Amino acid sequence: MVLATVLAMTGCADGNTDHPTAGGGVTDEAAEQAPSPSAVHPDFSLTADDLDMLTDGMPPEIRARIADRPTVFLERAKDLLALPEMILARADKQTRLPADFEPADLVDLARYGDRWILNREGLSLRAPVIPDLAAMIEAARLDGILLDISSSYRSYDYQDRLFAYWVDQLGQEEAERVSARPGTSQHQLGTTMDFGSVSEEFADVPAGRWLAAHAWRFGFSLSYPDGMESITGYAYEPWHFRWISRAGTAMEREFFGGVQQYFIEFWESAGPTLAGACTACS
Ligand SMILES: [Zn+2]
């Protein structure tokens, strides 16, 4: 309901440019290009109040940060609106991906041969992730750190078998904390990977510390931080990173306290309105 209201409002804000002003010195064309006086960004027909409504329900500190720097916020949003489909899609315990969702642009990581350390065969990720992954692996190498990849894209069916394995090993309750039911795993998105040992000790080895400090610079976000289980639904996973683009990690850090779950939930609810209000997005 909130989204519909905002859309209606943004429609109104644009509406006045359709009517030429009598005897004014401004041409119709110029008037169409001029931002609405109350818009907080020249490429979005959104006022500060519209933006505030979009953040309804978010933690107050996040709302305050967006209200304080609305132009920077929308500048980041413009970059995010240009991302390929499903990059910022929600996949968690509340929101399942369809069983038949499989990215069409998966790239076999083995193509990179010995340049990349792959802990098993058959690893693949979506094409838009590859440039930043290459940049991150090489930046780490220059710092004397070898990043090894243990898991990447997983199909719905694979996750189904994996979850059943963990239920068998640990029982239902513990399996829910450490593994994901099919459709709720970020690995199905094709943008998410596990590094190294896939154990909590990874937080304290050089590769784990390096990733914790630097992964965001390359657009990779730690999905399940320590002490966030009540928000993310999952125990701490220092090895599990999701690529959300560099604009995405910048927005996540600057406005969402570095908590990916808040950012993705916001984007799920507000993304369509932001897309509709963007006058410079294709
Ligand atoms: Zn993982």
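Report on the accompanying structure. A quick note: this is a predicted structure, and the numbers were derived from the prediction, not measured.

1. Regarding the coordination of the zinc ion
- Bound to the zinc ion are the protein donor atoms His 187 (NE2), Asp 194 (OD), Asp 194 (OD) and His 240 (ND1), situated 2.1 to 2.7 Å from the metal.
- In this structure, the zinc ion is coordinated by four donor atoms arranged in irregular fashion, with angles at the metal of 52 to 155 degrees.
- Each donor residue of the zinc ion belongs to the same chain, and together they define the spacing H-x6-D-x45-H. Like Asp 194, His 187 is buried.

2. Remarks on the nonpolar core
- The biggest cluster of nonpolar side chains holds 54 residues, and the ones touching the most others in it are Leu 133, Met 136, Leu 147, Phe 195, Phe 220 and Phe 256.
- Each residue touching Leu 133, except ones within four places of it in the same chain, is listed here: Trp 116, Leu 125, Ile 149, Met 193, Phe 195 and Phe 220.
- Counting five residues, the second-largest nonpolar core is a separate cluster that includes Ala 91, Leu 97, Phe 101 and Leu 189.

3. Structural notes on the packing of aromatic side chains
- Inspection of the entire model under this criterion finds 11 aromatic pairs.
- Relative to Phe 256, the ring of Phe 73 has its centre 6.4 Å away and its plane inclined at 45 degrees; by these criteria the two rings are tilted. Within this pair, whereas Phe 73 is found in helix 5 (residues 70-81), its partner Phe 256 is found in the loop between helix 11 (246-255) and helix 12 (260-277), the two being separated by 183 residues in sequence.
- Exposure remark for Phe 73: the relative accessible area of 0% places this residue in the buried category.
- Taking the relative accessible area as the measure of exposure, Phe 256 reaches 1% and is therefore buried.
- Between Tyr 165 and Trp 166, the aromatic rings sit 5.1 Å apart at their centres with planes inclined by 75 degrees, giving edge-to-face as the arrangement.
- On the basis of relative accessibility, which here comes to 30%, the residue Trp 166 falls in the partly exposed class.
- Among the aromatic residues, ring-to-ring pairing joins Phe 73, Phe 255, Phe 256, Phe 263, Phe 266 and Trp 267 into one connected group.
- When the ring centre of Tyr 234 is taken as origin, the NZ or CZ atom of Lys 93, which lies over that ring, is 4.4 Å away.
- One Lys or Arg, Arg 253, reaches over the ring of Trp 216 and ends 3.7 Å from the middle of that ring.

4. A word on the sheet that holds strand 8 (residues 220-222)
- Spatially, 4-6-7-9-8 is the arrangement adopted by the five strands of the open sheet, whose pairing is mixed. Each edge of the open sheet is held by one strand with a lone partner, namely strand 4 (117-118) and strand 8.
- Bridging between strand 8 and strand 9 (residues 240-243) involves three bridges; their strand directions are antiparallel. Its bridge partner being in strand 9, Ser 221 is matched across the sheet by Arg 242.

5. What about helix 9 (residues 206-214)?
- Listed as buried for helix 9 are Ala 207, Gly 208, Trp 210 and Leu 211. The arc enclosing the buried residues of helix 9, seen along the axis, measures out at 165 degrees, which places them on a common side.
- As for helix 9, its buried residues are in contact with helix 6 (130-142), strand 7 (192-195) and strand 9.

6. So, the packing of helix 5 against helix 12
- Close contact between helix 5 and helix 12 brings their axes to 11 Å; oriented N to C, the two are set at 85 degrees. Relative to helix 12, helix 5 is oriented roughly perpendicular. Contacts from Phe 73, Leu 74, Ala 77, Leu 80 and Leu 81 in helix 5 reach Phe 263, Phe 266, Trp 267, Gly 271, Leu 274 and Ala 275 in helix 12.
- Partitioned by chemical class, the residues of the contact of helix 5 with helix 12 number 10 nonpolar, one polar and no charged.

Each value, and the rule that gives it
Residues numbered from 1 in each chain as written. Predicted model: local features only at pLDDT ≥ 70, side-chain atom pairs only at ≥ 80, totals over all residues. Heavy atoms only, no water. Donors = N, O, S within 2.8 Å, 3.2 Å for Na, K, Ca; no water. Tetrahedral: all angles 85-135°; square planar, octahedral: opposite > 155°, others 65-115°. Buried < 20%, exposed > 50% of the residue type's maximum accessible area, 1.4 Å probe, protein only. Core = buried A, V, L, I, M, F, W, Y, C linked by side-chain atoms within 4.5 Å. Contact = heavy atoms within 4.5 Å. Phe/Tyr/Trp six-rings, centres within 6.5 Å; stacked < 30°, edge-to-face > 60°. Helix = DSSP H or I, 4+ residues; strand = E, 2+ residues; numbered from the N terminus. Lys NZ or Arg CZ within 6 Å of the ring centre and 35° of its normal. Pairing = 2+ DSSP bridges. Arc of directions from axis to C-beta. Axes fitted to C-alpha atoms, helices over the stretch in contact; angles between N-to-C directions. Parallel < 35°, antiparallel > 145°, perpendicular 65-115°, else oblique. Nonpolar A, V, L, I, M, F, W, Y, C, P; charged D, E, K, R; others polar.

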